[in-house]
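# Commentary on secondary and tertiary structure
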Amino acid sequence: MLRRTVVAIILTVSTVLGGVLLADRPVPTEARQSRFTLAFVETFDGPRLDRTVWATCYWWNRRGCTNGSTGEEQWYTRGNVAVSDGKLVMTARRRSVAASDGRRYPYTSGMVTTGKRRDTARARPGFAFKYGRVSARLRVPAGQGLWSAMWLLPMTHRSRPEIDIFEVLGHQPDRVYFHTHYWKNGKRRDPGDVLVGIDTSEGWHRYDLVWRPRKLVWKVDGEVGWTLTKPAAIPHQPMYLLINLAVGGEWPGSPDASTPFPARLEVDWVRIRTRSRP
């Protein structure tokens, strides 16, 4: 049963390293990436989420959490995250909850992160890295007000730089958005692009980000969606991974009567190859 494996070569099924055996279900293979080595594999084959790797809230977790800066309407809870049939499942529900921040939220949902559970010197991330390739196979839900995302944040716990590996709004499942967010000359910069034509809510799709010191490349199912070479836009510090299913907010708008609940964001596997470790 694999939870996390740090290696120096490309792994294949049934390879044993340090007494850890990769899961029987085949781990997808690909051509060797120049100067990248496999550093993290998660196939969600165990009975539950590996809590030594994954947290289910931001580092400001207090019996749940949310991202108030974007006007989201969900409260993230541990109970909305589960491992089932070899998949990670984050479920959004139309359920009102009185949260620990003193507010009431009309929805609950799930998120995971490989970052710290607390903002303390003793806390350690589940996994962080600098430069590499993030690959994951996911199935996202369609529906007004649903907002699926996979992204990177810095270990400094500042909000920038940020790399959005993909974002999908439930009312536009045929559009995959890519963004970076950073500061330059004291001003916020938020460049982005969109890939149109792939219905992400129909079946499983693979999302990749290649992060090099001078280039960022986004891909969906092997198709390049965006390439960015602006020096100021490329982070040069350790970052950690987040995957979440938000509900509502300034960008997607609120759910309506047509939104299907419960809604599920599913992850089949995550793989990270790194050029260097932080």
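Throughout what follows, the structure given in this document is the object of discussion.

Basis of the calculations
Residues numbered from 1 in each chain as written. Predicted model: local features only at pLDDT ≥ 70, side-chain atom pairs only at ≥ 80, totals over all residues. Heavy atoms only, no water. Helix = DSSP H or I, 4+ residues; strand = E, 2+ residues; numbered from the N terminus. Salt bridge = Lys/Arg side-chain N within 4 Å of Asp/Glu carboxyl O. Buried < 20%, exposed > 50% of the residue type's maximum accessible area, 1.4 Å probe, protein only. Phe/Tyr/Trp six-rings, centres within 6.5 Å; stacked < 30°, edge-to-face > 60°. Disulfide = S-S within 2.5 Å. Patch = residues over 30% accessible without salt bridge, like charges linked within 9 Å, V, L, I, M, F, W, Y side chains within 5 Å. Areas by Shrake-Rupley, 256 points an atom, 1.4 Å probe, with all protein chains shown as cover. Lys, Arg positive; Asp, Glu negative; His and termini not counted. Charge placed at Lys NZ, Arg CZ, Asp CG, Glu CD.

## Observations concerning the environment of Arg-273
Tracing the chain through its elements places Arg-273 in strand 21 (residues 263–276). Considered as a pair, Arg-273 and Val-210 are 63 residues apart in the sequence and their alpha carbons are 9.3 Å apart.

## Some remarks on the pattern of salt bridges
The tally for this structure, following the rule as stated, stands at 6 salt bridges. Residues Arg-206 and Asp-208 are paired through a salt bridge, measuring 2.8 Å at the closest nitrogen-oxygen approach. Close ionic contact of Arg-264 with Glu-266 constitutes a salt bridge, the shortest N to O distance being 3.0 Å. A relative accessible area of 6% means that Glu-266 is categorised as buried. By sharing partners, the salt bridges in this structure join Arg-133, Arg-206 and Asp-208 into a single network.

## Considering the packing of aromatic side chains
In this description, a pair of aromatic rings is defined by centroid distance and the angle of the planes. All told, the structure shown has 17 aromatic pairs when counted by the stated rule. Both rings, one in Tyr-58 and one in Tyr-76, keep their centres 6.3 Å apart while their planes meet at 70°; by these two values the pair is edge-to-face. Placement of the pair is Tyr-58 in the loop between strand 3 (37–42) and strand 4 (74–76) and Tyr-76 in strand 4, with a sequence separation of 18 residues. Like Tyr-58, the residue Tyr-76 is buried in the burial classification.

## Section: the state of the cysteines
Throughout the structure, instances matching the rule amount to 1 disulfide. Between the sulfur atoms of Cys-57 and its disulfide mate Cys-65 the distance is 2.5 Å. Taking the torsion about the S-S bond as the criterion, the Cys-57 to Cys-65 disulfide, at about -105°, is left-handed. Cys-65 shares its class with Cys-57; the two are buried.

## A look at a positive patch on the surface
Where like charges cluster on the molecular surface, the positive patch consists of Lys-184, Lys-187, Arg-189 and Lys-230. Mapped onto the fold, Arg-189 is located in strand 15 (residues 187–189). The partly exposed category is assigned to Arg-189, whose relative accessible area is 30%.

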